[in-house]
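# Structure at a glance
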Amino acid sequence: AIAPYAEELKKSPFTAGILTQAARVGHAVRTKVHVAWLGSTLRLEARERRLELRPTPRGILAVYIENGQEARSAPVDLMGDPEQLIRRWLTAE
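First, a word on what this report is: a plain description of the structure on this page.

The next thing to look at is the overall build of the chain. When helices and strands are counted, the chain shows 3 helices and 5 strands. When the helices and strands of the chain are listed from N to C terminus, the series reads α-α-β-β-β-β-β-α. Relative to a compact globule of 93 residues, whose C-alpha radius of gyration would be 12 Å, the chain shows 12 Å and is just as compact. Principal-axis analysis of the C-alpha atoms places the extent of the chain at approximately 35 × 25 × 20 Å. Out of the 93 residues belonging to the chain, those deemed buried represent 40%.

Where strand E4 (residues 59-66) meets strand E5 (residues 69-76), 7 bridges bridge the pair, whose relative direction is antiparallel. Bridge pairing in E5 links Val 63 to Ser 73. In this structure, the hairpin formed by E4 and E5 is closed by a connection of 2 residues, where Asn 67 is found at a positive phi of approximately 55°.

Now for the sheet that holds E4. The sheet built from 5 strands is open, its strands ordered E1-E2-E3-E4-E5 with antiparallel pairing. Strands with a single pairing partner mark the edges of an open sheet, and in this sheet they are strand E1 (34-38) and E5. Neighbouring strand axes in the sheet, compared pairwise and without regard to direction, differ in orientation by 20° on average. When E1 meets strand E2 (residues 41-46), the two strands line up antiparallel, connected through 5 bridges.

So, on to the packing of helix H2 (residues 13-28) against helix H3 (residues 82-91). Where H2 meets H3, the axes come as close as 8 Å, and the angle between the chain directions of the two elements is 45°. Between H2 and H3, the interaxial angle falls into the category oblique. H2 and H3 meet at a crossing whose hand is right-handed. Between H2 and H3, the residues in contact are Phe 14, Gly 17, Ile 18, Gln 21, Ala 22, Arg 24, Val 25 and Gly 26 and Pro 82, Glu 83, Leu 85, Ile 86, Arg 87 and Leu 90, respectively.

Relative to the elements of secondary structure, Gly 26 occurs in helix H2. Under the relative-accessibility criterion, Gly 26 is labelled buried at 0%. Taking C-alpha positions, Gly 26 is 8.9 Å from Arg 87, a pair spaced 61 residues apart along the chain. When residues no more than four places from it in sequence are discounted, the contact partners of Gly 26 are Gln 21, Thr 31, Val 33 and Leu 90.

Here Thr 41 is to be found in strand E2. Sequence-distant contacts of Thr 41, defined by excluding residues within four places in its chain, comprise Ala 36, Glu 52, Leu 53, Arg 54 and Pro 55.

Reading guide: rules and limits
Residues numbered from 1 in each chain as written. Predicted model: local features only at pLDDT ≥ 70, side-chain atom pairs only at ≥ 80, totals over all residues. Heavy atoms only, no water. Helix = DSSP H or I, 4+ residues; strand = E, 2+ residues; numbered from the N terminus. Rg over C-alpha atoms; globule rule 2.2 N^0.38 Å. Buried < 20%, exposed > 50% of the residue type's maximum accessible area, 1.4 Å probe, protein only. Pairing = 2+ DSSP bridges. Axes fitted to C-alpha atoms, helices over the stretch in contact; angles between N-to-C directions. Parallel < 35°, antiparallel > 145°, perpendicular 65-115°, else oblique. Left-handed = near helix turned anticlockwise from the far one by under 90°. Contact = heavy atoms within 4.5 Å.

As far as function goes, none of this settles anything; it's purely spatial.
Okay, here's the thing in structure tokens:
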């Protein structure tokens, strides 16, 4: 059930934008962002924060993890602005 969304996540221009913006915004806030694919999930890590983009049967879900605990989650619009997602994640207080 998640296969179409997993495929879309891997090939989407949004995902390429996420990777570009993670490097750019991370550099601006002096934080190295590590990126890894874990199966169909895209994980970004910076200091004690993680952002996981997880395909679900209903679409892509952004899961925000702080200090090892899921803090919140929100649906992701792959037609949206990847910079906004990265900024919300990296600059959240």
